[in-house]
Amino acid sequence: YNTPMLTKKDLIKINDYRIDGLFKIYLRIALIVAAIGIFQEFSYLIGFKSGYDYKCILEKWWLAPSSFGMLRVNSIFMEPSQFAITMAPALFISLKTILRNSVFYMSKIASALIIISYILTFSTVAYIAILISLLFIFPKVKKFRYLLLAAAAIPIFVYSSYRYIPEIRVRFDHTLGVVTGSIKAVDTNLSTYALASNAFVAYKSFIYDPLFGSGL
């Protein structure tokens, strides 16, 4: 109890200020987390409860079933959105490895596992991260056929996510409703309500003090 917690600066110092080495450690851990997530989904589909329900071993962890018979993967994290946020750098590296057809920190198999686990979160945050990653990666792809593929794949990805994943569709509809004024924020789902509340506070802060902000 008397041992002080290590900060990010301490970890960098312990690693002789080699950020690259720390990032490789992160990617190895991310791969393990992704593998747990895929095992979690498989266990859910075959009805093996001990393989997908970790409430008894992880504090504040909760089960996140989807509305279409599959589990929203969260692995060792409390919820799918936390999984998506923490795994975002690993997702970017994985997409870059697969789409640019070159090994970049990880093998193609490891990259595929991370991408699959990420998609299985069925999280709006995760899918936005996928879209942003693709927008960063595709302009640097030199082969013209891959650019054509991107031009077709991104709209299809966005439409399919909205059309076939209810959790994403309801968040998009509610967010659009709040923006247009057709729905009150208090009548939306919790994710949209939290985002709308934060956006309102940020907007008011900017209006009252547009140059420097007003802080917390």
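Keep in mind that this is a model prediction, so the values were computed, not measured.

Peer 1: Break down the overall build of the protein for me, citing the residues and quoting the values.
Peer 2: Counting its secondary structure elements, the protein contains nine helices and zero strands. Listed by position from the N terminus, the elements making up the protein come as α-α-α-α-α-α-α-α-α. Buried positions account for 32% of the 216 residues belonging to the protein. Sequence separation of 24 or more characterises 50% of the internal contacts of the protein that already satisfy a separation of 6 or more. Counting every atom, the protein has about 14200 Å² of accessible surface; 69% of that belongs to carbon and sulfur.

Peer 1: Provide a residue-level description of a nonpolar patch on the surface, including the pertinent values.
Peer 2: Residues Phe39, Phe42, Leu45, Ile46 and Phe48 make up a contiguous nonpolar surface patch of about 530 Å² in total accessible area. Relative to the elements of secondary structure, isoleucine 46 occurs in helix H2 (residues 19–46).

Peer 1: Provide a residue-level description of the confidence of the model for the protein, including the pertinent values.
Peer 2: Predicted confidence across the protein gives a mean pLDDT of 83, with 86% of residues reaching 70 or more. Here helix H1 (residues 8–14) stands out as the least confident element of the protein, with mean pLDDT 68; helix H5 (residues 108–119) is the most confident, with 93.

Peer 1: Describe the environment of leucine 58, and please don't skip the residues or the numbers.
Peer 2: Among the secondary structure elements, leucine 58 is positioned in the loop between helix H3 (49–52) and helix H4 (80–99). The partly exposed category is assigned to leucine 58, whose relative accessible area is 24%. Remark: the alpha-carbon pair of leucine 58 and phenylalanine 77, spanning 19 residues in sequence, is separated by 8.5 Å.

Peer 1: Describe the nonpolar core, listing the residues and the values that go with them.
Peer 2: Ranked by internal contacts, the top residues of the largest apolar core, which has 30 residues, are Phe83, Met87, Leu91, Ile114, Tyr118 and Tyr127. Looking at this core, the element that brings in the most residues is H4, giving seven residues. When near neighbours in sequence (up to four residues on either side) are disregarded, leucine 91 contacts Ile114, Ile115, Tyr118, Ala129, Ile130 and Ser133.

Peer 1: I'd love a proper account of unusual backbone geometry, names of residues and values included.
Peer 2: With a phi close to 55 degrees, serine 75 is a non-glycine residue in the positive phi region. When you line up the elements, serine 75 lands in the loop between H3 and H4. Residue phenylalanine 122 is not a glycine yet carries a positive backbone phi of 50 degrees. Positionally, phenylalanine 122 belongs in the loop between H5 and helix H6 (124–137). Given the relative accessible area of 7%, phenylalanine 122 is considered buried.

Peer 1: Which residues make up the packing of aromatic side chains, and what values go with them?
Peer 2: As enumerated under the stated definition, the model contains six aromatic pairs in all. Pairing tyrosine 54 with tryptophan 61 gives two aromatic rings, centres 5.4 Å apart and planes at 45 degrees, and the pair type is tilted. On the basis of relative accessible area, tyrosine 54 is assigned to the buried category, the value being 8%. A residue is classified by how much of its surface remains accessible, and tryptophan 61, at 6% relative accessible area, is buried. Among the aromatic residues, those joined into a cluster by ring pairs are Phe23, Tyr26 and Tyr105.

Peer 1: Explain H4 residue by residue, including any values.
Peer 2: In a regular helix each residue adds 1.5 Å, so 20 residues correspond to 28 Å; H4 covers only 25 Å between its end C-alpha atoms and thus falls short of that length. Listed in full, the buried residues belonging to H4 are Pro80, Ser81, Phe83, Ala84, Met87, Ala90, Leu91, Ile93, Ser94, Leu95, Lys96 and Thr97. In this fold, the buried residues of H4 make contact with H2, H5 and H6. Looking one or two places after H4, you find asparagine 101, whose phi comes out positive at around 55 degrees.

Peer 1: Report on the packing of helix H8 (residues 166–180) against helix H9 (residues 190–208), specifying residues and quantitative values.
Peer 2: Their axes nearest at 9 Å, the elements H8 and H9 cross at an angle of 35 degrees. Considering the relative orientation of H8 and H9, their crossing is right-handed. In contact with Arg171, His174, Thr175 and Val178 of H8, H9 contributes Ser191, Thr192 and Ala196. For the contact of H8 with H9, the class distribution of residues is two nonpolar, four polar and one charged.

Peer 1: So, H8: which residues are in play, and what are the values?
Peer 2: Taking 1.5 Å per residue, 15 residues should reach 21 Å; H8 reaches 21 Å between its end C-alpha atoms and fits that length. Of all the residues in H8, the buried ones are Glu167, Ile168, Arg171, His174 and Gly177. A positive phi of about 85 degrees marks glycine 181, the residue just after H8.

Criteria and cut-off values
Residues numbered from 1 in each chain as written. Predicted model: local features only at pLDDT ≥ 70, side-chain atom pairs only at ≥ 80, totals over all residues. Heavy atoms only, no water. Helix = DSSP H or I, 4+ residues; strand = E, 2+ residues; numbered from the N terminus. Buried < 20%, exposed > 50% of the residue type's maximum accessible area, 1.4 Å probe, protein only. Contact = heavy atoms within 4.5 Å. Areas by Shrake-Rupley, 256 points an atom, 1.4 Å probe, with all protein chains shown as cover. Patch = residues over 30% accessible without salt bridge, like charges linked within 9 Å, V, L, I, M, F, W, Y side chains within 5 Å. Salt bridge = Lys/Arg side-chain N within 4 Å of Asp/Glu carboxyl O. pLDDT = per-residue confidence, 0-100. Core = buried A, V, L, I, M, F, W, Y, C linked by side-chain atoms within 4.5 Å. Phe/Tyr/Trp six-rings, centres within 6.5 Å; stacked < 30°, edge-to-face > 60°. Expected span 1.5 Å × (residues − 1). Axes fitted to C-alpha atoms, helices over the stretch in contact; angles between N-to-C directions. Left-handed = near helix turned anticlockwise from the far one by under 90°. Nonpolar A, V, L, I, M, F, W, Y, C, P; charged D, E, K, R; others polar.

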